[in-house]
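# Structural overview
Next come the chains, spelled out residue by residue.
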Amino acid sequence: MSGMTQPQKPRPAIKQSDYQRLSEFRYLIRRFLEFSQIQAEDAGLTPRQHQALLAIKGFPGGGPVTVGDLAERLRIRHHSAVELINRLCEAGLVARDQDKDDHRRVLLRLTERADDCLAELSAAHLDELSRIEPMLKRLLVRE
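Labelled according to an unreviewed UniProt entry, the protein chain appears under the name DNA-binding MarR family transcriptional regulator, originating from Mesorhizobium sangaii.

Here it is, written out as structure tokens:
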């Protein structure tokens with residue numbers, strides 16, 4: 001069937017206000033991420049290290065976190081998560097514990113130093129979120 005073209009899918013009907021909402025939403029996300037990067041760097045962390053600490057501390061259900069869990073939460077490859085954890089362990093921010101039930105599994109936990117650092121960073125981030133919350137709410141209400 002060469003030479004035949006597929007019928008073109010009709011273009012979705014998107015209003016100008018929808019484009020503006022999406023653009024503003026992305027702008028707010030970029031501003032929040034920029035804020036987060038500056039805060040992490042001021043605390044002596046890379047943004048990825050900050051994200052890793054938050055992913056471990058805020059893991060759903062509060063259960064133990066494996067390297068695989070962390071890789072999934074950060075959307076990175078397993079070997080990249082291992083390298084990140086190595087750097088966090090060297091910095092005294094994360095400790096590895098062997099799972100008592102399955103000795104092949106390594107569980108990650110924050111050190112007291114990481115808990116202190118993350119609490120400070122999280123307080124600043126929660127303040128920033130409350131500041132942009134009204135703008136986000138306006139964007140999420142579809143007209």
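Let's pick the thread back up.
## Notes on the side chain of Arg-21
Inspection of the secondary structure assignment puts Arg-21 in helix 1 (residues 16–42). Reaching out from Arg-21, the side chain makes a polar contact with the side chain of Asp-18 at a distance of 3.1 Å. Once residues lying within four places of it in the same chain are set aside, the contact partners of Arg-21 are Leu-139, Leu-140, Val-141 and Arg-142.

## Examining the nonpolar core
Nonpolar side chains in soluble globular proteins tend to end up buried together. Formed by 25 residues in total, the largest nonpolar core has its most connected members in Leu-53, Ile-56, Leu-70, Leu-88, Val-94 and Leu-108. Counting residues per element, the ones that place at least two in this core are helix 2 (47–57), helix 3 (67–74), helix 4 (78–90), strand 3 (106–110) and helix 5 (112–140). The contacts of Ile-56, once residues within four sequence positions are left out, are Val-65, Leu-70, Ile-85, Val-94, Leu-108, Arg-109 and Leu-110.

## Re the packing of helix 2 against helix 5
At a minimum axis separation of 10 Å, helix 2 and helix 5 run at an interaxial angle of 100°. Accordingly, the angle class assigned to the pair helix 2 and helix 5 is roughly perpendicular. On the side of helix 2, the interface is formed by His-50, Leu-53, Leu-54 and Lys-57, while helix 5 contributes Ala-114, Asp-115, Leu-118, Leu-121, Ser-122 and His-125. When grouped by side-chain class, the residues that make up the contact of helix 2 with helix 5 number 5 nonpolar, 3 polar and 2 charged.

## Remarks on helix 4
Here helix 4 contains 13 residues, and its C-alpha end-to-end distance of 18 Å stays within 8% of the 18 Å for a straight helix at 1.5 Å per residue. Listed as buried for helix 4 are Ala-81, Leu-84, Ile-85 and Leu-88. Down the axis of helix 4, the buried side of the element spans an arc of 100°, and every buried residue falls inside it. Here the buried face of helix 4 lies against helix 2, helix 3, strand 2 (94–98) and strand 3.

## So, a nonpolar patch on the surface
A contiguous nonpolar patch, built from Phe-25, Ile-29, Leu-33 and Leu-140 and spanning about 370 Å² of accessible area, is present on the exposed surface. In terms of residue count, the dominant contributor to the nonpolar patch is helix 1 (3 residues). Counting through the fold element by element, Leu-33 comes out in helix 1.

Conventions and cut-offs
- Residues numbered from 1 in each chain as written.
- Predicted model: local features only at pLDDT ≥ 70, side-chain atom pairs only at ≥ 80, totals over all residues.
- Heavy atoms only, no water.
- Helix = DSSP H or I, 4+ residues; strand = E, 2+ residues; numbered from the N terminus.
- Polar contact = N/O pair within 3.5 Å; in protein donor to acceptor, adjacent residues only side chain to side chain.
- Contact = heavy atoms within 4.5 Å.
- Core = buried A, V, L, I, M, F, W, Y, C linked by side-chain atoms within 4.5 Å.
- Buried < 20%, exposed > 50% of the residue type's maximum accessible area, 1.4 Å probe, protein only.
- Axes fitted to C-alpha atoms, helices over the stretch in contact; angles between N-to-C directions.
- Parallel < 35°, antiparallel > 145°, perpendicular 65-115°, else oblique.
- Nonpolar A, V, L, I, M, F, W, Y, C, P; charged D, E, K, R; others polar.
- Expected span 1.5 Å × (residues − 1).
- Arc of directions from axis to C-beta.
- Patch = residues over 30% accessible without salt bridge, like charges linked within 9 Å, V, L, I, M, F, W, Y side chains within 5 Å.
- Areas by Shrake-Rupley, 256 points an atom, 1.4 Å probe, with all protein chains shown as cover.
- Salt bridge = Lys/Arg side-chain N within 4 Å of Asp/Glu carboxyl O.

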